[in-house]
Amino acid sequence: MDTKALARAERAEFADLIAELSDDQWQAQSLCAPWRVRDVAAHVISYGQLTPARFAARLARGQLLDRVNALGVAAYAERTPRQLSELVRADLDPSGLTAWFGGRVALVEAMIHQQDIRRPLGLPRVIPSQRMRVALDFTRYAPLIRGAWRTRGVRLVATDLAWTHGVGPEVRGTAEALLMVMAGRRAALADVAGAGRSRLAHLLVR
């Protein structure tokens, strides 16, 4: 499986999305608090420009992850949707930190943040199953996400894809909803059900 090709396709769709946003949508609140939609788009671009060495150096200087992310967002704060879209299109191949794990970081980063934008704007989409399956599997153990830890003690069961993970009372939902709860997005709790939902809700507030 060419996971870098999957990441390129996801980033291309991300570029398509932000190029079509209106001014009001651009300023709307995303699921990735406290960022607006424009901040999420800037983050996706800046993260791809952050090399492992530069990332390690910033952390070594005592900059917390939130601070590192904020610096990246600020660097692109004044760009328009079209400008940011063009920057994504010019750099579709995973690079920097996003090239790790065969491009899986780029795939998951773009997919989760695309949903951070789409969900509050009411812009659903159908994510190709191959892309989604790779994203689900990687999100369980991806650095900085650790979806398996966030959802420990429950069994996640996708209702639209042959995918499960974990042991415990079931939490059932679409693959996209399960991806978002593994990413810590409480808004996605509205789209899951099952005996394990209350435990999952408790985990996501911690």
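See the structure printed just above.
Residues numbered from 1 in each chain as written. Predicted model: local features only at pLDDT ≥ 70, side-chain atom pairs only at ≥ 80, totals over all residues. Heavy atoms only, no water.

Peer 1: Looking at this model, I keep getting lost on the packing of aromatic side chains. Mind explaining?
Peer 2: Remark: the centre distance and the inter-plane angle together describe each pair of aromatic rings, the angle taken between the planes. Within this structure, the stated rule accounts for 1 aromatic pair. With a centroid separation of 5.2 Å and 50° between ring planes, the pair formed by F101 and F138 is classed as tilted. Placement of F101 in the loop between α6 (81–89) and α7 (104–121) and of F138 in helix α8 (residues 129–139) is noted, with a sequence separation of 37 residues between them. The exposure class of F138 is buried, given its relative accessible area of 11%. (Phe/Tyr/Trp six-rings, centres within 6.5 Å; stacked < 30°, edge-to-face > 60°. Helix = DSSP H or I, 4+ residues; strand = E, 2+ residues; numbered from the N terminus. Buried < 20%, exposed > 50% of the residue type's maximum accessible area, 1.4 Å probe, protein only.)

Peer 1: Whenever I open this one, α6 confuses me. Can you help?
Peer 2: One turn of an α-helix holds 3.6 residues; hence residues three or four places apart share an orientation. Turning to α6, its buried residues number three or more, namely P81, L84, S85 and V88. Around the axis of α6, the buried residues are gathered within 105° of arc, so they sit on the same side. (Arc of directions from axis to C-beta.)

Peer 1: Got a minute to help me understand the pattern of salt bridges in this structure?
Peer 2: Pairs can form between side chains of opposite charge whenever their charged atoms are close. Summed over all chains, the structure comprises 13 salt bridges. The salt bridge involving D39 is made with R36; its shortest N-O contact spans 3.4 Å. Residues joined by salt bridges that share partners form a network here, namely E10, E13, R125 and R131. (Salt bridge = Lys/Arg side-chain N within 4 Å of Asp/Glu carboxyl O.)

Everything listed is a geometric property; what it means functionally is a separate question.
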